[in-house]
Amino acid sequence: MNILKQTKSTNCGQTCVAMLLGITIPEAEKLFGHGGVTTQEEVLAVLDSKFPDCWQRDFDGAIKYKNRNKHRTYLCLHRNPDNFEQAHWTICFDGVIIDPAQRDPLKLWPMVS
């Protein structure tokens with residue numbers, strides 16, 4: 001998986017999907033039809049459009065890759081406890097968190113531009 005850094009403060013969802021699908025961020029934004037805030041439904045629809053029946057929403061809201069023989073891969077939506085409207089997508093790949101907003105190794109999110 002190529003590690004990508006999000007190019008805007010609101011395209012973490014498209015960036016995570018780009019990493020999972022092995023495409024560029026502009027290609028992912030084209031699949032979504034926009035380059036901003038994404039919902040769980042949008043992310044699941046885009047992943048299903050490329051790999052039907054391979055992804056499912058887990059009990060806690062994470063989006064999980066179903067093939068247990070492959071790497072344990074989750075797309076996780078983190079909500080800001082102080083402002084539930086603010087959220088951020090990351091990937092958990094075999095227990096390693098990949099944050100598309102990471103600028104400083106000691107701080108993951110929120111991203112400050």
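Residues numbered from 1 in each chain as written. Predicted model: local features only at pLDDT ≥ 70, side-chain atom pairs only at ≥ 80, totals over all residues. Heavy atoms only, no water.

How do you make sense of the sheet that holds strand S3 (residues 73–80) when you look at a structure like this?
In a beta sheet, neighbouring strands pair by backbone hydrogen bonds and run either parallel or antiparallel. The strand order across the open sheet built from five strands is S1-S2-S3-S4-S5, with neighbouring strands paired in antiparallel fashion. Two strands lie at the open edges of the sheet, namely strand S1 (55–57) and strand S5 (96–98), each paired on one side alone. Sheet twist, expressed as the mean angle between neighbouring strand axes with direction ignored, is 30 degrees. Sheet contacts for helix H1 (residues 12–21): S1, S3, strand S4 (83–93) and S5; angle to S4, the most-contacted strand, approximately 15 degrees. In the packing of helix H3 (residues 40–50) onto the sheet, contacts are made with S1, strand S2 (63–65), S3 and S4, and the angle to S1 comes to roughly 160 degrees. (Pairing = 2+ DSSP bridges. Helix = DSSP H or I, 4+ residues; strand = E, 2+ residues; numbered from the N terminus. Axes fitted to C-alpha atoms, helices over the stretch in contact; angles between N-to-C directions. Contact = heavy atoms within 4.5 Å.)

Explanation requested: the pattern of salt bridges in the structure shown.
Where charged atoms of side chains with opposite charge meet at close range, the side chains can pair. In this structure the tally under the stated criterion is one salt bridge. For the salt bridge of lysine 8 with glutamate 29, the shortest nitrogen-to-oxygen distance reads 3.3 Å. Of this pair, lysine 8 sits in the segment before H1 while glutamate 29 sits in helix H2 (residues 25–32), placing them 21 residues apart in sequence. Taking relative accessible area as the criterion, lysine 8 reaches 36% and is therefore assigned partly exposed. Take glutamate 29: its relative accessible area is 15%, and that puts it in the buried class. (Salt bridge = Lys/Arg side-chain N within 4 Å of Asp/Glu carboxyl O. Buried < 20%, exposed > 50% of the residue type's maximum accessible area, 1.4 Å probe, protein only.)

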